[in-house]
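If you want the building blocks of each chain, they are given just below.
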Amino acid sequence: MTEEIIQHAAVVPQEDAQEKSIKWSWHHLLTGAAIAIYLFTPIVIWQLGLPAAIKDSADLLVLAMLALSLAHMITTDHFPGYFLVILALTITGTIVATFEGQALLVTLWGWWMMFRFPMVGLFGYLLPFWSRQLAVKIPNWLLYIMALLVAVQILLYLSGVRDFDNLAGTFGRKGVGAYILFIVIVLAIALGRWLVKGEWKMLAVTLTLSAFASALGEMKFFIIAAPMLAGITLAVHLLRGGQIRRLIVYIIFFLIASAAFAYGYDRFIVQNLGRPPLEEFLNEDRRERYLENVRGEGDIYRLGRNTEAEYGWQLIQRDTATLLFGYGLGTRQNSPQLGIVGVGLEDSIYGDLVGRTLLVMMYEMGLTGLLALLVFVVFSAAILYRAAARDPDDDLNIIRYGVMIFTLIWPFLVWYKSVWLRVEPMLIYWLLWGYIMHFSIGPYFVESKKGSAQKSAVQIAPRA
């Protein structure tokens, strides 16, 4: 796979003028409405007892994005290689699932769960008329949203909420899994801004909010993810030939953030909620039990991360075809609302346990799916880094580096979490990925021209 399979056409500039403001289009409203519904309805549903269908309405908007992407490709007769890979995985996964004896409806549900957000990324990449000026606004918007989430988190705590799973801002009841992924995205974008602008204030504010929010919600994932993001950012900084002296302030920020998290965790979680202190999780025996355990009985199980990976690896060893292509799309999915259960869960020794993303991908698509993920990570990072290197002063590089930093931790995320189920951060990430790819490869890449105050933008005509 090469960059050529992702793009086919050449740049067709229409006009070259200073862009004074964002030109809003109808599909901005579509994406904005979907994000707003996903982000802000969970707490309303939880606190006011409104029907969950309010949040599910955003799925209709996501479906509209998918339909628009397909319509655009058909009318322009342009099918990016990214889409062709998804199509190949879809056909293979459907055929395999059919041979496993699974109903088509279950397979369709499995496709929706696996590919809806990657297809949202295609929507962001294909649709024309995105504004380059959004790259300047997005980091601030994300920070404002995060500040609002922390404020709601504090209000919940002051109102007497003590279940840390529910201390998740507007993500609502049991929403900390989605909240921490959102925090990681915002932190990655702040790091991208630091790489491009050298601005430390936004990074400091983001780290402070991230540490406090993670401590209040007992999100121990922060002390793992933050150093990983920091390490990737450090590597990129040095690869770009950055000065080491700039790293001193950067390292101090992360040390302060780590100390703030440890203090907040001890103050709010250990003392008030009676949870184990951080020191216990650093114990080798406890850490091994955490990663290797098997808890539960009957139909309710919870496995350690390593146990899940080993379990999935054992299951796909059935034969060569299963090793390569898995058991098919949807075979490790369920939906209590629709009454759907994948055939892979019917005879599972761990009841209806679906598992984290690594287990699901391994089981449903085999080594082919894992290879596709690895190729996605490598090529996305390479494309974004090269686009940033070609135009070092472009404000778009803030999003380029931010998305690249987050993308590089995908292998860890799929092992650690059920990432695909966290619809709020997934919608935001894949839209950002599509948006920045829109300006980084193919017919939409245009080098900015430096002006006195801002970069110029070239409006690209839709493909004929």
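Whatever comes next refers back to the structure up there.
Residues numbered from 1 in each chain as written. Predicted model: local features only at pLDDT ≥ 70, side-chain atom pairs only at ≥ 80, totals over all residues. Heavy atoms only, no water.

## Quick word on the packing of helix 6 (residues 176–197) against helix 7 (residues 201–216)
For step 1, the next point in the chain: At a closest axis distance of 9 Å, the pairing of helix 6 and helix 7 adopts a crossing angle of 165 degrees. Classified by the angle between their axes, helix 6 and helix 7 sit roughly antiparallel to one another. Where helix 6 crosses over helix 7, the two elements pack in a sense that is left-handed. Each of Tyr179, Ile180, Ile183, Val186, Leu187, Ala190, Leu191, Arg193 and Trp194 in helix 6 lies in contact with helix 7, whose residues at this interface are Met202, Leu203, Thr206, Leu207, Ser210, Ala213 and Ser214.
For step 2, the next point in the chain: Here the residues of the contact of helix 6 with helix 7 sort into 12 nonpolar, 3 polar and 1 charged. (Axes fitted to C-alpha atoms, helices over the stretch in contact; angles between N-to-C directions. Helix = DSSP H or I, 4+ residues; strand = E, 2+ residues; numbered from the N terminus. Parallel < 35°, antiparallel > 145°, perpendicular 65-115°, else oblique. Left-handed = near helix turned anticlockwise from the far one by under 90°. Contact = heavy atoms within 4.5 Å. Nonpolar A, V, L, I, M, F, W, Y, C, P; charged D, E, K, R; others polar.)

## Describing the environment of Val184
For step 1, the next point in the chain: Take Val184: it is sitting in helix 6.
For step 2, the next point in the chain: On the basis of relative accessible area, Val184 is assigned to the buried category, the value being 3%.
For step 3, the next point in the chain: The sequence separation of Val184 and Phe221 amounts to 37 residues, and the corresponding C-alpha distance is 9.6 Å.
For step 4, the next point in the chain: What Val184 contacts, discounting residues up to four positions off in sequence, is Phe221, Ala225, Leu229, Phe406 and Ile409. (Buried < 20%, exposed > 50% of the residue type's maximum accessible area, 1.4 Å probe, protein only.)

## Observations concerning the nonpolar core
For step 1, the next point in the chain: Ranked by size, the top nonpolar core spans 126 residues in total, and within it Ile399, Trp410, Trp430 and Tyr435 carry the most contacts.
For step 2, the next point in the chain: The leading source of residues in this core is helix 6, at 17 residues.
For step 3, the next point in the chain: When sequence neighbours within four positions are dropped, the list of residues in contact with Tyr435 reads Gly124, Trp130, Ser131, Arg132, Leu134, Ala135, Ile138, Leu396 and Ile399.
For step 4, the next point in the chain: Membership of the second largest hydrophobic core comes to 7 residues, among which are Leu156, Tyr157, Leu167 and Leu216. (Core = buried A, V, L, I, M, F, W, Y, C linked by side-chain atoms within 4.5 Å.)

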